[in-house]
Amino acid sequence: MKTFRNLFSLFFFLLVSLTFHSFYQVSDQDKKEQKLITKANLYQLRFPQEKIYLHLDRPSYWASEDIWFKAYLLNSAIPDCNVYVELIHSSGEIIDKKILWAQNGLAYGDFQLADTISSGNYQIRVYTNWMRNFGEEWFFRKDIIILNLRDKSIKSDLLELRSKEIDLQFFPEGGTFVAGMENKVAFKAVDKNGKGISVEGEIFDDKGNKITNFKSGFKGMGNIDLTPKEGEKYSAQAFFSDDISVKVELPVSQIDALKLTVNPNDSAKIQFQISRNSVQLENSQKNEYLLIGQTGGQVCYRKQIALTEKTTSFEVDKNLFPTGIVKFTLFDNEMIPNCERLVFVNHRDFVKIEIETDKPDYLTREMVQLDVKAFTNAGNACQANLSMSVYNPENSLETEKYPKNILTQFLLDSELKGTIEDPAFYFKDDSISTLQALDNLMLTHGYRYFQWEEIKENKLPEIEYQPENSIQLRGKVKNWLTEKPIKNSNVTMMFVKSQLAVHNQKTDSLGNFVFSDMFFMDTVYVSLQAGNKKERRNNWIELDNKSSKSPNPGILPVNYQYYNENQFTTSYYLSEISSELINRKWSLSDTILLGDVNIMAKKHKKDDGHFRPYLEADYVIDANKLNEETGSIYDAIDGKIAGLRIEHMDEGKFVFFYRGYPVSIYLDGIPADYDLLSSFSSSIFDKVEFIKFAQFAGVNKAGGILYFYTKRGQKFENMPKDAMGMKSARIIGYSVFRRFYSPVYETRQPVDNKKDFRSTLYWNPIVRTDSTGVAQVSFFNSDETGNMQIVVEGITPDGKLCRGTGSFSVKP
């Protein structure tokens with residue numbers, strides 16, 4: 001009996017010990033998992049990835065017209081912040097820049113195009129200061145077409161595809177290419193600009209035996225099934241248009257590796273299969289894995305998997321994830337990622353916008369009344385903040401057949417690395433071919449958010465740009481001799497020629513100061529002083545202009561096509577512009593009609609390195625031939641242009657007049673002050689050009705504009721220095737908000753034979769549905785007939801995306 005009790009006690013002790021040990025091991029593993037997940041979620045909270053979208057009133061524009069837009073900002077680091085909107089030429093020159101104040105993620109504004117802007121492809125780029133910390137790929141970019149009927153003979157680029165510019169890559173599903181098993185291998189062929197290229201070819205083993213064929217689908221993407229043999233290498237012989245052939249090596253197969261296979265096409269479930277060649281049953285821990293799913297950078301799913309057999313299959317309910325891209329990562333017991341797969345989950349739970357007109361057909365200049373209805377799939381009414389555009393699509397030109405919209409931007413473009421061509425294609429329907437194309441996109445593009453290696457190794461992004469909740473001016477006060485920062489120095493900012501108050505700040509321990517909480521429109525000039533009169537003798541002020549300077553455009557708009565390519569390009573459609581439309585645009589611009597013009601987009605010519613926002617100057621002065629001994633540049637050009645004279649005003653001021661009207665001046669494309677250029681010698685200039693009777697940014701310049709272009713690399717070298725302890729600065733404020741003009745007609749008969757052929761029939765950036773989900777809108781038609789397109793986009797207070805389109809007909 002005693003022996004039995006001793007054995008029982010020993011057995012009980014061993015059972016408790018094993019249970020405790022097993023509990024300790026599981027608990028320790030849970031701790032490692034929880035630590036990684038917590039670090040990932042904290043990373044996303046600390047470094048939120050802002051997303052931004054711009055709704056434009058239409059896809060193409062004419063010179064001297066307005067570009068109307070509304071910005072939608074999600075995941076903002078702060079509730080209200082500055083948003084920068086830029087118009088960029090294909091050469092990389094920034095034509096115009098606006099600063100908007102986004103309140104609760106919403107802002108709107110416009111660009112006013114000069115009548116001298118040249119035809120071509122342009123890009124609208126939108127970003128916040130916080131976005132600059134993570135690279136230009138996070139910015140919103142939209143390519144548009146701008147036309148100027150003064151450009152008579154312009155052609156787009158027709159290129160020949162070159163083998164050295166082709167990039168063909170193969171992507172095994174999950175990231176592993178396992179020998180002895182059937183693997184799904186995706187591929188994508190692009191050119192140097194990321195444009196998808198059609199490709200077909202054959203796969204060979206290292207003995208020259210043909211294994212299979214492959215052929216791309218939408219935008220050069222596709223996939224094949226391949227079972228590699230152990231120790232063998234594989235290559236692809238790919239064929240492109242123009243008889244180009246390229247040989248590409250496939251990834252090397254692995255022997256002892258995991259294979260993750262995913263089937264996302266079921267409407268309710270995601271089907272997973274995890275396989276491996278060898279299962280080491282003697283060490284159970286090496287067969288324990290963790291599957292993590294994250295969306296929007298946040299971990300939202302985890303599943304522990306014990307791989308006790310060669311293959312394990314399971315399903316995951318799609319309702320566990322919101323609509324969008326889910327990144328699945330398979331970790332081993334050491335929390336090392338083994339496989340990774342992107343899956344797009346589409347519940348189609350967007351807020352559907354229904355547009356109902358009071359009748360299907362209208363007459364010219366007749367009032368259009370319509371109801372905008374916002375409802376969920378369940379039929380629940382939604383209050384939404386929307387923007388609406390109405391235009392004639394027959395007179396507009398798209399750079400893509402399926403261009404981006406608010407859905408594609410927030411769900412695809414802002415989530416994936418690389419260029420997403422024709423993104424709306426993936427949302428056009430639920431056909432098998434469309435779903436397969438969408439999955440090929442998931443297989444060939446990387447996820448934009450953090451990499452797990454960065455989380456494990458505590459690699460944090462370097463934050464150089466802080467969120468801006470207002471207009472700010474930053475700088476530093478130094479000792480001019482030692483260049484050491486001066487702390488606790490009083491800095492006074494006074495506004496020149498303005499009623500704004502005087503501001504005071506103290507420098508911190510590093511000599512830095514910042515003036516914030518400034519809200520004003522347009523541009524102001526300020527004067528800064530550091531310290532009292534005695535202290536200013538040793539002080540020097542440096543302004544921090546990095547946030548106000550635009551980042552160099554690295555992703556530019558391109559417009560070209562290849563020989564033998566199935567064309568959907570700008571030039572193809574520009575050549576179809578009717579002479580009737582051209583004549584209308586000429587008459588609206590009050591210019592001389594030159595007859596039928598065949599217009600096509602062109603690449604901006606580079607000659608002397610200066611970008612000009614106009615086509616041809618009325619007078620050109622070669623500054624290299626001017627007499628440098630005449631003094632300032634003003635003295636050097638005095639009398640060189642007929643009708644242009646310079647007058648000396650009070651207090652030594654200079655002003656140019658042309659036929660009685662004052663002349664505006666620009667330095668290297670930027671508006672400048674007369675006082676600034678008066679101290680410059682003609683030796684730093686390359687050219688001076690004069691435009692008569694110009695219109696710039698919608699404002700008539702009756703006196704014209706003088707453009708001063710400095711020699712390359714010598715910009716502002718002769719700018720006079722500020723006095724010690726003082727600094728003058730120009731601060732650009734928020735853009736002035738303008739309202740879209742929508743005329744009201746009491747009669748259908750034109751007054752004084754003036755025709756109304758406005759390109760945008762109606763634009764409203766503030767359309768709000770009420771508690772019943774309905775908003776009522778009305779406007780008058782123009783003199784243009786045809787089928788009018790209505791586009792409504794927006795967002796609800798809880799972040800649901802909204803989009804809807806409609807149309808109506810206008811008859812004579």
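Anyway, here's the lowdown on the structure attached to this text. Positions within a chain are numbered from 1, following the residues in the order the chain's sequence is written. pLDDT decides what is reported in this predicted model: residues at 70 or higher carry local features, side-chain atom pairs at 80 or more are listed and counted, and totals for whole chains, interfaces and linings draw on all residues regardless. The side-chain figures draw on all heavy atoms in the structure; neither hydrogens nor water molecules are used.

### Section: the side chain of Thr323
This is how it is decided: Helical segments are the DSSP runs of H or I of at least four residues, strand segments are the runs of E of at least two, and each set is numbered from the N terminus. We call two N or O atoms a polar contact when they sit within 3.5 Å, provided that within protein one can donate a hydrogen and the other can accept it, with sequence-adjacent residues counted only if both atoms are side-chain atoms. Note on contacts: a residue pair qualifies if any of its non-hydrogen atoms lie within 4.5 Å across the two residues.
Mapped onto the secondary structure, Thr323 falls in the loop between strand 21 (311-317) and strand 22 (324-331). A distance of 3.1 Å separates the side chain of Thr323 from the backbone nitrogen of His347, its partner in a polar contact. Not counting chain neighbours up to four residues away, the residues in contact with Thr323 comprise Val345, Asn346, His347, Arg348, Asp349, Phe350 and Leu411.

### Comments concerning the sheet that holds strand 37 (residues 654-658)
Worth spelling out the cut-off: Only strands joined by at least two bridges in the DSSP assignment are considered to pair.
The strand order 36-37-38 describes an open sheet built from three strands, whose pairing is antiparallel. Lying at the two open borders of the sheet, with one neighbouring strand each, are strand 36 (644-648) and strand 38 (661-662). The pairing of strand 37 with strand 38 spans two bridges and is classified as antiparallel. Residue pairing for strand 38: Tyr658 is matched across the bridge by Tyr661.

### What about the sheet that holds strand 11 (residues 183-190)?
We apply this condition: Here an angle of 0 to 180 degrees is reported between the N-to-C directions of two axes, which are lines fitted to C-alpha atoms, with helices fitted over the stretch in contact.
The strand order across the open sheet formed by three strands is 10-11-14, and the pairing between neighbours is antiparallel. Looking at strand neighbours, the two that pair on one side only are strand 10 (167-172) and strand 14 (221-226), the edges of this open sheet. On average, each strand axis in the sheet is tilted by 25° relative to the strand beside it, whichever way the strands run. Pairing of strand 11 with strand 14, which is carried by six bridges, proceeds in the antiparallel orientation. Bridging from a neighbouring strand, Phe187 pairs with Gly222 of strand 14.

### Some points on the pattern of salt bridges
Short version of the rule: The rule for a salt bridge is simple: a side-chain nitrogen of Lys or Arg has to be within 4 Å of a carboxyl oxygen of Asp or Glu. Buried, partly exposed and exposed residues are distinguished by accessible area as a fraction of the type maximum, computed with a 1.4 Å probe on protein chains only: under 20%, between the cut-offs, and over 50%, respectively.
Under the criterion given, the structure shown has 32 salt bridges. When the shortest N-O distance is used, the salt bridge between Lys811 and Asp361 registers 3.7 Å. You can see Lys811 sitting in strand 49 (residues 801-811) and its partner Asp361 sitting in strand 25 (residues 361-363), a full 450 residues away along the chain. Since its relative accessible area comes to 43%, Lys811 is described here as partly exposed.

### Some points on helix 2 (residues 406-413)
A large share of helix 2 lies buried, amounting to eight of its eight residues. Inspection of helix 2 places Ile406, Leu407, Thr408, Gln409, Phe410, Leu411, Leu412 and Asp413 among the buried residues, and these make up the whole buried set. By the N-cap criterion, in which a side-chain oxygen at the helix start approaches the backbone nitrogen of a residue two or three places on, helix 2 is capped by Asn405, the distance to Leu407 being 2.9 Å.

### Description of the pairing of strand 17 (residues 258-263)
Regular strands have side chains that alternate between both faces of the sheet. Where strand 17 lies against strand 18 (residues 269-276), six bridges are found, and the strand directions are antiparallel. Across the sheet, residue Asn263 finds its bridge partner in strand 18, namely Gln271. Between strand 17 and strand 18, which pair antiparallel one after the other, the connecting turn spans five residues.

### So, the packing of aromatic side chains
For clarity, the threshold we go by: Pairing of aromatic rings covers Phe, Tyr and the six-membered ring of Trp, with a centre-to-centre limit of 6.5 Å; geometry is then stacked below 30 degrees between planes, edge-to-face above 60, and tilted otherwise.
Overall, the coordinates contain 38 aromatic pairs when judged by the stated rule. Judged by centre distance (5.0 Å) and plane angle (65°), the ring pair of Trp101 and Phe519 falls under edge-to-face. One end of the pair, Trp101, is in strand 5 (residues 94-103); the other, Phe519, is in the loop between strand 31 (512-518) and strand 32 (523-530), with 418 residues separating them in the sequence. Residue classification places Phe519 among the partly exposed residues on the basis of a relative accessible area of 44%. Between the aromatic rings of Phe170 and Phe214, the centroid separation amounts to 5.8 Å while the plane-to-plane angle is 85°, which identifies the pairing as edge-to-face. Here Phe170, found in strand 10, pairs with Phe214, found in strand 13 (residues 210-215); they are 44 residues apart in sequence, far enough to count as distant. The two residues Phe170 and Phe214 agree in class, both being buried.

### Focus: the nonpolar core
Convention followed: By nonpolar core we mean a set of buried residues, namely Ala, Val, Leu, Ile, Met, Phe, Trp, Tyr and Cys, connected to one another through side-chain atoms within 4.5 Å.
Counting residues in each nonpolar core, the largest one holds 74 residues, and the members touching the most others are Leu412 and Tyr426. Ranked by residue count, the leading element in this core is strand 3 (residues 66-74), at six residues. Of all hydrophobic cores here, the second largest spans 27 residues; its members include Ile637, Leu644, Ile646 and Leu706.

### A short note on a nonpolar patch on the surface
What counts here: Within this analysis, patches are made of residues with over 30% relative accessible area and no salt bridge. Like charges are joined at 9 Å or less; nonpolar side chains (Val, Leu, Ile, Met, Phe, Trp, Tyr) at 5 Å or less. Here the accessible surface of atoms and residues is derived via Shrake-Rupley with a 1.4 Å probe, and residues count as covered only by protein chains that are part of the display.
Taken together, the side chains of Trp480, Leu481 and Met724 present a nonpolar region at the surface, about 330 Å² in accessible area. One can find Leu481 in the loop between strand 28 (471-479) and strand 29 (490-496). On the basis of relative accessible area, Leu481 is assigned to the exposed category, the value being 63%.

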